[in-house]
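As a plain string of letters, each chain reads:
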Amino acid sequence: MTTTPERPPPSPLPSPSPSPSPLAMERRTIDPIPEEERHGSPAGLFTLWFGASMQITAVVDGALAVVFGADALWAIPALLIGNVLGGVVMALHSAQGPRLGVPQMISSRAQFGVLGAVVPLVLVILMYLGFAATGSVLAGQAVRRILHLPDATLGIPLFGALTAVVAVAGYRLIHLAGRVATVTGIVGLGYLVVAVFTRYDVPAHVGVKPFDTATFLLAVSLGAGWQLTFGPYVADYSRYLPRSAGERATFRATFAGTVTGSVWAMSLGALIAAVAGDRFLSDQVGFVGELAGPAALGYVMYLVVLVGKVTANCLNAYGGFMSVLTTVTAFDGRSRITPVARVAYITGFSAVATVIAMAASADFLDNFKNFILLLLTVFTPWSAINLVDYYLVSREHVDVPALYDPDGRYGRWNVPALSCYALGILAQVPFLATKLYTGPLTSLLGGADVSWIVGLAVTSAVYYPWARRTTTVDDAADAPGASGEWLPDAPQHAE
């Protein structure tokens, strides 16, 4: 009698080397990171977020506060307040990474449902494209000067290609870029602070305008918006840390890195805008090069700008790729893709961002300010729901395998959570103060935009009591195997 041989089990993925090269392509995407592949320490988060924040776009963000009416004397403390408030929210998202071992937007399926999480994901993808495009505009100016190109738009595709290469390699190379950007940022932007005070009479340009509540709150919003928009991808860069790294250490390292780097860069931007005025508005990168001094130092400063923008834009390209993949796999059930598909996703995202950057309006600063404030409107309710649910309702217990199963405990659509999200956005409309729309209550506040505060407060107040009544916390969801490992019934479909 003959027997049919049993079909051999699929070959497991090869075990990673203890210290793979940063240039090697990352094997994981949106699937959980097993404990045996966890590595690193929270200190790596400090350099990543410091390097990503200590760069030219943050300088421009700080300059906006002065450009739109605030005195630098008041803008700098306002930017500090905004960064601290937003940094707390951002770092609380980061602290989820070591415990869960999954990307940030995958974890939001616990609140919105496996398919419901696609709703904020679409907005997240648009955010990444917007930041990647605006960053490419500034980086293109630096590339133009480094290579002596006739037009800044010619530098944008070169920068986009560089960004895509680093993002394809993934997690380790991005962290390495953050360490390099930390060093170059400290040296470069530190030198610029000295240059501002030695080349200009700074005291004569600050404290010349009276305190104005509206512009003060605008500066707070710009600082908070910078931090809050990191929320949808911040845990992507802490998910490889061992669980033993701890949530508090992860929070502290992330908070310290992002707030210190951002406040330094934004304060520099506020001072530059105060002393330079229209000279900075017409050519941000060019002015920074001139401020550095002789041609050789200007060239070095352009390299500093480029290194900082590579780090920041890699976060956008990588986060955009992860968000697109999270959206697609919500419908087809996959958790892994081939290396070729990875390259295609990232290349496609970078190409779209490059096209947007090359078609960008000349009115860059005004558009960028409204872009930041608009993002606040759609992401503060998401942050409120994610953090309230994770820390106060579920008490940090998440059934990780169910995040990948539309028929699991989190379901396909969580209509009440999505309703709270929509309500959180609508609640902000009367308080908006943007170029496109000004809410009816904004004038009562002297034109100040406090919509993001309203969004956080209203969404939290509505979501928390509802979720407390309807959510059953399963302590077993946090047992070994639930975070960072696949349980036997977890779907694992390779492309």
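Above this note sits the structure.
First, a word on what this report is: a plain description of the structure on this page. (Residues numbered from 1 in each chain as written. Predicted model: local features only at pLDDT ≥ 70, side-chain atom pairs only at ≥ 80, totals over all residues. Heavy atoms only, no water.)

Section: the overall build of the protein
The condition that has to hold: Segments assigned H or I by DSSP are reported as helices when at least four residues long, segments assigned E as strands when at least two residues long, and all are numbered from the N terminus. When accessible area is computed with a 1.4 Å probe and restricted to protein chains, residues below 20% of their type maximum are described as buried, those above 50% as exposed, and intermediate ones as partly exposed. What makes two residues a contact is simply this: any of their non-hydrogen atoms within 4.5 Å. A 1.4 Å probe and the Shrake-Rupley method give the accessible areas. Residues count as covered only by the protein chains that appear here.
Assigned secondary structure in the protein consists of 18 helices and zero strands. Considering the protein as a whole, with its 495 residues, one finds that 60% of them fall into the buried category. For the protein, the share of sequence-separated contacts (at least 6 apart) that also reach a separation of at least 24 residues comes to 86%. For the protein, the exposed surface amounts to about 19100 Å²; the carbon and sulfur share of it is 68%.

Description of the environment of Tyr 171
As a reminder, the rule being used: Any N or O atom pair separated by 3.5 Å or less is treated as a polar contact, with the protein-specific requirement of one donor-capable and one acceptor-capable atom, and with residues adjacent in sequence counted only for side-chain atom pairs.
Checked against the element boundaries, Tyr 171 lands in helix α9 (residues 171-199). On the basis of relative accessible area, Tyr 171 is assigned to the buried category, the value being 5%. Residues Tyr 171 and Met 25, 146 residues apart in the sequence, show an inter-C-alpha distance of 8.7 Å. Contact partners of Tyr 171, with chain neighbours within four places excluded, come to Glu 26, His 39, Asp 236, Tyr 237, Ser 238, Arg 239, Tyr 240 and Tyr 318. A distance of 3.0 Å separates a polar side-chain atom of Tyr 171 from the backbone oxygen of Tyr 237.

What about the nonpolar core?
Cut-off, in case you're wondering: Nonpolar core, defined: a set of buried Ala, Val, Leu, Ile, Met, Phe, Trp, Tyr and Cys residues in which side-chain atoms within 4.5 Å join the residues together.
Ranked by size, the top nonpolar core spans 135 residues in total, and within it Trp 49, Tyr 237, Ile 272 and Leu 403 carry the most contacts. Ignoring sequence-local partners within four residues, the contact set of Tyr 237 consists of Leu 45, Leu 48, Trp 49, Tyr 171, Ile 174, His 175, Cys 314, Leu 315, Tyr 318 and Gly 319.

Quick word on a nonpolar patch on the surface
In plain terms, the rule: Patch membership needs two things, relative accessible area over 30% and no salt bridge, and members are linked within 9 Å if like-charged or within 5 Å if nonpolar (Val, Leu, Ile, Met, Phe, Trp, Tyr). Any carboxyl oxygen of Asp or Glu that lies within 4 Å of a side-chain nitrogen of Lys or Arg is treated as forming a salt bridge with it.
There is a patch of nonpolar side chains on the surface, built from Leu 73, Trp 74 and Phe 211 and spanning about 290 Å² of accessible area. Accessibility expressed as a relative area gives 41% for Phe 211, which makes it partly exposed.

A short note on unusual backbone geometry
Positive phi outside glycine occurs at Arg 395, with the angle close to 55°. Looking at where Arg 395 falls in the secondary structure, it is placed in the loop between α16 (364-393) and α17 (415-428). Looking at Arg 395, the relative accessible area reads 42%, which means it is partly exposed. The phi angle at Glu 396 is positive, at roughly 70°, despite the residue not being glycine. Locating Glu 396 in the fold gives a position in the loop between α16 and α17.

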